[in-house]
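Residues per chain, in single letters:
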Amino acid sequence: GIAEAVDDGRTGYLVQEWDSRSMGERIVALAKAPELRHAMGLAGWERARDLFSWQREKEQLLDIMGLCQQKRIANLM
């Protein structure tokens with residue numbers, strides 16, 4: 001979900017669903033702060049790179065399916 005991807009205040013802002021007033025306030029705040037937009041964009045890119053890479057997603061899926069090679073090797077020992 002979105003809350004997993006966004007670190008509120010660091011990589012973006014989270015607002016309650018249907019809270020258009022808060023969403024508008026956050027958009028205006030970002031529109032007025034180019035340095036903050038840049039910092040949040042960079043932090044968001046780094047978070048996505050670190051947490052949602054194809055390799056990490058693949059490993060998590062294999063683990064969920066019980067197909068993680070490292071676990072199978074450990075169980076054989």
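Use the structure listed above.
Bear in mind the structure is a predicted one, so any value in this text is a computation, not a measurement.

The rules we used
- Residues numbered from 1 in each chain as written.
- Predicted model: local features only at pLDDT ≥ 70, side-chain atom pairs only at ≥ 80, totals over all residues.
- Heavy atoms only, no water.
- Helix = DSSP H or I, 4+ residues; strand = E, 2+ residues; numbered from the N terminus.
- Buried < 20%, exposed > 50% of the residue type's maximum accessible area, 1.4 Å probe, protein only.
- Contact = heavy atoms within 4.5 Å.
- Areas by Shrake-Rupley, 256 points an atom, 1.4 Å probe, with all protein chains shown as cover.
- Patch = residues over 30% accessible without salt bridge, like charges linked within 9 Å, V, L, I, M, F, W, Y side chains within 5 Å.
- Salt bridge = Lys/Arg side-chain N within 4 Å of Asp/Glu carboxyl O.
- Phe/Tyr/Trp six-rings, centres within 6.5 Å; stacked < 30°, edge-to-face > 60°.
- Lys NZ or Arg CZ within 6 Å of the ring centre and 35° of its normal.

Before going further, it helps to spend a moment on the overall build of the protein. What the protein contains, in helices and strands, is 5 helices and 0 strands. Written out in order from the N terminus, the α and β elements of the protein read α-α-α-α-α. A total of 77 residues make up the protein; the buried ones form 10% of that total. Here the analysis covers contacts within the protein between residues at least 6 apart in sequence; of these, 45% occur between residues at least 24 apart. As displayed, the protein has an accessible area near 6600 Å², and 58% of this comes from carbon and sulfur atoms.

A word on a nonpolar patch on the surface. On the surface, a nonpolar cluster with roughly 480 Å² of combined accessible area is contributed by L61, L62, I64, M65 and L67. Residue class for L67 comes out partly exposed when judged on its relative accessible area of 37%.

Next up on the list: the packing of aromatic side chains. Enumeration according to the criterion identifies 0 aromatic pairs in this entry. Looking at R26, its charged tip hangs above the ring of Y13, at a distance of 4.6 Å from the centre.

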